[in-house]
Amino acid sequence: TNLMLARAAVGTRSGFARCGRRCRSARADGKPRRFRAAVVSASTSFSDDIRGFDRTATSSGSGVGDRTATSGGPSRGGSGAPAGVTVSVPHLTALLLDLNAEGRRIIRGVVDRGDLGLVNKNDVGVVGDFSRDVKKRENTRTTSSFLYEYDPEIDAQTEADRRVEAHVLRALRAFCPELTVVAEESYENPDAAIPESDDFADLPNDVAASVAPFPASPKKGHAGAHAPVTNEAKEALAGGLDWPPHLLEPVDASRVTVFVDPLDGTNEFAAGARECVTCLMGVAVDGSPVVGIIGQPFFCSRDESLDANDANEANDAFFQRAGRVVWGGRGIGVMGVETEAMTESFPDSFPSVEGLNKNRMVCAVNRATRDVRVDKAIARLNLDARFKVSATGFHFLTLLEGKADCALLLREGTKKWDSCPGEALLRARGGCVTDAAGRLYDYGDKEMALNLSGLISSRDARTHARLVDAAVAVARETAAEEDRDPRSTPPPSRSLHFPLNARDLSVRPPVLPPAPAGGWQALTVDVGGCLLTPKERVVETYVRLARSLGLDARRANEDSVMRAIRDGFSKPIPPGNPPGVRYVGDGKAFWRPLVRQAMQGDIEVTKLPPLDDEIVENALDALYAHYEKPSSWHVAPRSIESLRFLRENGVAVAVVSNWDTRLPSLLRTCGFDETVLDTVVCSAEVLADKPDRGIFDVALNRLRLKNAFHDDSPSRVVHVGDSSVNDVDGAARAGFGGAMLWNSAPRNGCVFDFQELAMEILASRRAR
């Protein structure tokens, strides 16, 4: 049981065991499985270390600057779309933002028309008395009182749900027919026909004029760039956001899943609590939420909030123009929300239970889907269950605004379309979203929509750890009480032990191998392609520099630059360097001939003369100056906060990288100071390149000298890097207990989220 509760130790599907040099899926008996591992290219060049050969060489553009929404390219596997169909995540985000705005208009139009078209999905018919009861109080616009009660047999659906979803599905089909879309109403009723068109002419307030039509039957394979309409959509494509490089490049459509809840909080909506209504849209890549959009059709700011008993015509007019959208995701932050006292993602301290009695945390719970364990968890931590609303999107908004500290649902009830948008947003702010046992959900399987194992959301990692511990404790207590009750039905082993005994196939397995006794003690991290990635493709930087120097266009283009980089790394180590050491000092001895070849091109083909030494030196200096600027680099999302959090909790953190001696200065300017890292070990300083064991041994010895690492065995250390040879094989040969590849692919031995990594490491050190 303890293993099932620790995210760092084992998941619901499988654990990981060390086998040779890699981490492989383990069988129930602990023996390694025999299977063909996914092929990973060896790291043989600078461009592979900092960006990836394949991505740099085959990418057709950023997806933002060139406004290309889709392009051909090699598939990374998966299901749902044929190989070669790719999608621009920024363009997809812009489209969803515009659709969300249109969805909000449609929702308001249905309300203003006066007939919600309410049905009970459980009965597949019109809700009788409930509908009449709603009409009596449908002018109740605010969420301040929440005095109404729900019939648990009712699962309401309105005309707004149906029409918004159909509109979104038509638009996404027109944008990219191969895209996997999981939407609430069509998922729950797959046999229902989706109207081929809707002109919205029956809705008041010019809804029809403000909603763009989409073709009912798009040409097969068509997928175009989206022309943004709203300010938010324009911002998504303007180039000012720090999109992670792996999302800027076209992504194979088989790796992308879009989740849509056209109207979250339908029961609240039907009962008149308009501010609880949200329109939810989320994007997951490789099973991980990367973009979240929460639209609120009826929104009162703090300065404009209305009296709950005041439902006059002025209020109706206000709600017609009101509304907002909160959006963002991995690397780009969160836009559209004002925050009240939002804590840092990893606060310096967490109050004790006694402290909570004086300053209680505010909790959001589901009004209709609760059980005794939620009440026990609330009592255990003395939480203030202030928000009791059956609307997950609204729960996430209260956390993002700082009005609530957490949200609890310890049983099934929410779906992936409820949680994907909020998880993307909350994690972008440093928050956490897991199941009731502290495990992450996988959003890559369109068939696994139900969040079987509950949902816990919080604004920071410390709070989340306490919430998960409390949820696990009350689950055990409740199960023990039931075990002692001979009248319990169903049998004790099948009931309130949940989620401790849940086999939830939509829960992601842990990324780390099983931790040694006492948990992981140290983490070492690569820099290029892991902590830092160039914002501009390497070949684009070289070509742009060549143009700025006035060089003939025949000399340097993307293909010739790539060939020069590959050739440079395939040549022998510079004369005078120690064997196997590429960089010595500032590394210019290695880079100078490579830059010469990249700038002058293939002179045997072009028949142009060789470049003067002065031009080569100017180009080299310009490249060095470019890569010394923090603005040239994308910092891995939440990496600084996560590594600092690990150090504050007793985990040693070191950088181990093949780099020249300028690395410590670069890391500091990018935010990785002594509060984040215990030490920085670069190959040019210690004269040993990864995968040589020597550079790893230097890192561990430095940590021991600083009393940051107190173990003689490297088996308690995890290393993360982007090269299967330099990092994974090198750390394994050095005896590290975990050697992980920094890669977004959802396969064994890969990790792509420093916050997730930090949570697993700390979970391994915390006994439950």
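Data block above holds the structure.
Residues numbered from 1 in each chain as written. Predicted model: local features only at pLDDT ≥ 70, side-chain atom pairs only at ≥ 80, totals over all residues. Heavy atoms only, no water.

### Regarding the overall build of the chain
- Counting its secondary structure elements, the chain contains 28 helices and 26 strands.
- Out of the 768 residues belonging to the chain, those deemed buried represent 58%.
- Sequence separation of at least 24 residues holds for 75% of the intrachain contacts in the chain that already meet a minimum separation of 6.
- Accessible surface, the chain as shown: approximately 30300 Å² in total, 49% of it carbon and sulfur. (Helix = DSSP H or I, 4+ residues; strand = E, 2+ residues; numbered from the N terminus. Buried < 20%, exposed > 50% of the residue type's maximum accessible area, 1.4 Å probe, protein only. Contact = heavy atoms within 4.5 Å. Areas by Shrake-Rupley, 256 points an atom, 1.4 Å probe, with all protein chains shown as cover.)

### Some words on the sheet that holds strand S14 (residues 362-365)
- Ordered by their spatial adjacency, five strands build an open sheet running S15-S14-S16-S18-S17, and the pairing between neighbours is mixed. Across the chains shown, the open sheet's two edge strands, defined by having one partner strand only, are strand S15 (384-388) and strand S17 (432-434). The sheet shows a mean angle of 20° between the axes of neighbouring strands, taken without regard to direction.
- Where S17 and strand S18 (residues 455-458) come together, three bridges link them in antiparallel fashion. Within S18, the residue paired with Val 433 across the bridge is Ser 457.
- Strands S14, S15, strand S16 (406-409), S17 and S18 of the sheet are contacted by helix H15 (residues 392-401), whose axis makes an angle of about 25° with S18. (Pairing = 2+ DSSP bridges. Axes fitted to C-alpha atoms, helices over the stretch in contact; angles between N-to-C directions.)

### A word on the sheet that holds strand S22 (residues 652-657)
- Strand order in the open sheet formed by six strands is S23-S22-S19-S24-S25-S26, and the pairing between neighbours is parallel. Edge positions in the sheet fall to strand S23 (679-682) and strand S26 (750-751), since each has one partner strand and no second.
- In this structure, strand S19 (residues 522-525) lies alongside S22, joined through four bridges in parallel fashion. Along S22, the bridge assignment pairs Thr 524 with Ala 654.
- Here helix H27 (residues 724-733) sits on the sheet and contacts strand S24 (717-721) and strand S25 (738-742); the angle it forms with S25, its principal contact strand, is near 170°.

### Considerations on the pairing of strand S12 (residues 324-329)
- Within S12, six of the six residues are buried, which leaves the element mostly enclosed by the surrounding structure.
- Side chains Arg 324, Val 326 and Gly 328 of S12 all project onto a buried face; the interleaved residues Val 325, Trp 327 and Gly 329 project onto the opposite face, where all are buried too.
- Here strand S11 (residues 288-296) pairs with S12 via six bridges, running antiparallel. Bridge assignment links Ile 294 to a residue of S12, and that residue is Val 326.
- As paired strands, S12 and strand S13 (residues 333-335) are joined by three bridges and run antiparallel to one another. Across the sheet, residue Gly 328 finds its bridge partner in S13, namely Val 334.
- A loop of three residues connects S12 with S13, the two strands running antiparallel in sequence, and Gly 331 in this loop sits at a positive phi of about 85°.

### Describing unusual backbone geometry
- The omega angle of the peptide bond from Lys 690 to Pro 691 is 15°, so this bond is cis rather than trans.
- Within the element layout of this structure, Pro 691 appears in the loop between helix H25 (683-686) and helix H26 (693-705).
- Phi angles above zero are rare outside glycine, and Phe 200 is one such case at about 55°.
- The residue Phe 200 is located in the loop between helix H7 (184-188) and helix H8 (207-210) in this model.
- Classification of Phe 200 as buried rests on a relative accessible area of 2%.
- The phi torsion at Asn 205 lies on the positive side, around 60°, for a residue other than glycine.
- Turning to its location among the elements, Asn 205 is positioned in the loop between H7 and H8.
- The class of Asn 205 is partly exposed, set by a relative accessible area of 46%.

Spatial relationships are all this shows, so hold off on functional conclusions.
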